[in-house]
Amino acid sequence: MKYLMFVPLSFFLFVSTLSGQLKVDSGFAFQSNPNKKFALYIPSNYDETKPSKAVLALHPYNTRRWDASTWRDKLVEFAEMNNLLLICPDGDADGKIDDPIDTAFTSALLDSVMRWYNINAKKLFIMGFSWGGRTTYTYGLRRAGRFAGFIPMSPAINGTGLFRSFLPNAKGKPFYLICGSLDAPNQRFYAPLNALKAAGAIVNDSLLAGVGHTVDYAGSTRMFDIAFDWVDSVDTRITTRTLSPSSSGIPLLYPNPAKAHQSIHFDKGTFPVNTRFIVTSIDGKKSWILKLNKESAMQGFSTGSYLLTPLNKGKALPAVLLNVIR
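Bear in mind that the values here come from a model prediction, so they are computed numbers and not experimental data.

Trainee: Go over the nonpolar core with me, naming the residues and quoting the values.
Mentor: Core analysis: the largest hydrophobic core is formed by 46 residues, its most contacted members being Ile87, Phe175 and Leu196. With seven residues, the single largest contributor to this core is helix α2 (residues 100–116). Leaving out residues up to four positions away in the same chain, Phe175 has contacts with Tyr137, Leu141, Phe150, Ala170, Leu196, Ala201, Ile202, Val203, Asn204, Trp230 and Val231. If you look at the next biggest cluster of nonpolar residues, it comprises 39 residues, including Cys88, Ile178, Val211 and Leu321.

As structure tokens, then:
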């Protein structure tokens, strides 16, 4: 059911701007709530004459820190990097973004934002962390035809029971799963990963070594960028569940995960000899410059997760995630 609540932005509106970027903090009367809140981010390169990509971003549960506005602010750099319009509904006082009023409001908000801005309906994505990751599955899979890709991050789930009946809707859809290795990965990572593959989804993933239930690790923005680049570019015509290294259009490392001190290679021909990389451990404790040698291999990584950002004429290209295991 669609909720066509096309509400003027002048209602309950607070707008802030910075260097051409636009933040909107607003709300409108919905069901029992006289001022159901939401937050938007409009990137500085938004052009009302061209359809824009957009992300429905669902916030975590912790009400002491997270609501629509603070979650939007966490994602601003990521959105600006990718020229994305962010749509962030608020879960109200209980912090749970999947209550019946919240999911109905989210649908109404999406319909409204589609009216307010020039958004490409075929390039609407959904992402969320913790309770928002849980709702990425439960809300997103029920409406899978509306979304071009899914990025569930450390979802607050115990296996797939909450959305098992909707898993057939995942067939042919791109999912990029992100979870910390210290964050109940059997329930929150491996269970949905295996279920999505069995349902025929197109799946990629990152299990972040040494990371718990958080999005505050140093490389989080780059991790969001990697996941979005993948779901945005993957060829959904692929019918096999295992992607070839170049099928997503994004350079991949192999083997990945790799064992500590093992040689690591990029796809053949992806980068020229002497390409330099900024290497940052996902916890932000280590950072260095690495040069690709003539054998197109790299060695010397200890266990952990690393973001490798290639440099082309001094400009950073999209980062690649490397996981190194014992």
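Trainee: Break down the packing of helix α1 (residues 68–82) against helix α5 (residues 220–233) for me, with residues and values.
Mentor: Between α1 and α5, the shortest axis-to-axis distance is 9 Å and the interhelical angle comes to 45°. By the angle between their axes, α1 is oblique relative to α5. In this structure, the crossing between α1 and α5 has a hand that is right-handed. Together, Lys74, Leu75, Glu77, Phe78, Met81 and Asn82 of α1 and Ser220, Thr221, Arg222, Phe224, Asp225, Phe228 and Asp229 of α5 make up the contact between the two elements. Tallied by class, residues from the contact of α1 with α5 come to five nonpolar, three polar and five charged.

Trainee: Residue-level account of the pairing of strand β13 (residues 276–281), with values.
Mentor: Side-chain alternation along β13 places Phe277, Val279 and Ser281 on a buried face and Arg276, Ile278 and Thr280 on a face that remains uncovered. Sheet topology places β13 next to strand β14 (residues 287–291); five bridges connect them, and they run antiparallel. Residue pairing across strands places Thr280 opposite Ser287, the latter belonging to β14.

Trainee: Would you mind going over the environment of Lys286 in detail, with residue names and values included?
Mentor: Topologically, Lys286 is positioned in the loop between β13 and β14. The sequence separation of Lys286 and Tyr306 amounts to 20 residues, and the corresponding C-alpha distance is 9.1 Å. Those residues within four positions of Lys286 in sequence are excluded, and the remaining contacts are Val279, Thr280, Ser281, Ser302 and Tyr306.

Trainee: How would you sum up the pairing of strand β3 (residues 33–42)? Please name residues and give values.
Mentor: In terms of residue burial, β3 counts as a mostly covered element, since seven of its 10 residues are buried. For β3 and strand β5 (residues 84–89), the ladder comprises four bridges, and the chain directions are antiparallel. When the bridges of β5 are listed, Leu40 appears paired with Ile87.

Trainee: A description of unusual backbone geometry should follow, citing residues and the corresponding values.
Mentor: Generally, phi is negative for residues other than glycine and the peptide bonds are trans, each holding for most cases. Although it is not a glycine, Asp92 adopts a positive phi angle of roughly 65°. On the secondary structure map, Asp92 appears in the loop between β5 and α2. With relative accessibility at 28%, the residue Asp92 sits in the partly exposed group.

Trainee: Give me the lowdown on the environment of Asp235, citing residues and values where you can.
Mentor: Structurally, Asp235 is set in the loop between α5 and β10 (253–254). Separated by 62 residues in sequence, Asp235 and Lys173 place their C-alpha atoms 9.8 Å apart.

Trainee: With reference to specific residues and values, describe the confidence of the model for the protein chain.
Mentor: Overall, the prediction assigns the protein chain a mean pLDDT of 84, with 81% of residues at 70 or greater. Note on residues 1–13: pLDDT under 50 across the span, and 35 contacts to partners over four residues away in sequence or across chains. Every residue in residues 239–250 is under pLDDT 50, and counting partners more than four places away or in other chains gives 21 contacts.

Trainee: Could you give an account of the environment of Thr309, naming the residues involved and the relevant values?
Mentor: Mapped onto the elements, Thr309 comes out in strand β16 (residues 304–312). Residue classification places Thr309 among the buried residues on the basis of a relative accessible area of 7%. Counting along the chain gives 33 residues from Thr309 to Arg276, while the straight-line C-alpha distance between them is 8.4 Å.

Trainee: Just give me the short version of the packing of aromatic side chains, but keep the residues and values in it.
Mentor: In this structure the tally under the stated criterion is 18 aromatic pairs. When the ring of Phe28 is compared with that of Phe105, the centres are 5.1 Å apart and the planes differ by 45°; the resulting orientation is tilted. Highlighted residues: Phe28 in strand β2 (residues 21–30) and Phe105 in helix α2, separated in sequence by 77 residues. By the burial criterion, Phe28 is buried, and Phe105 matches it.

Definitions and limits used
- Residues numbered from 1 in each chain as written.
- Predicted model: local features only at pLDDT ≥ 70, side-chain atom pairs only at ≥ 80, totals over all residues.
- Heavy atoms only, no water.
- Core = buried A, V, L, I, M, F, W, Y, C linked by side-chain atoms within 4.5 Å.
- Buried < 20%, exposed > 50% of the residue type's maximum accessible area, 1.4 Å probe, protein only.
- Helix = DSSP H or I, 4+ residues; strand = E, 2+ residues; numbered from the N terminus.
- Contact = heavy atoms within 4.5 Å.
- Axes fitted to C-alpha atoms, helices over the stretch in contact; angles between N-to-C directions.
- Parallel < 35°, antiparallel > 145°, perpendicular 65-115°, else oblique.
- Left-handed = near helix turned anticlockwise from the far one by under 90°.
- Nonpolar A, V, L, I, M, F, W, Y, C, P; charged D, E, K, R; others polar.
- Pairing = 2+ DSSP bridges.
- pLDDT = per-residue confidence, 0-100.
- Phe/Tyr/Trp six-rings, centres within 6.5 Å; stacked < 30°, edge-to-face > 60°.

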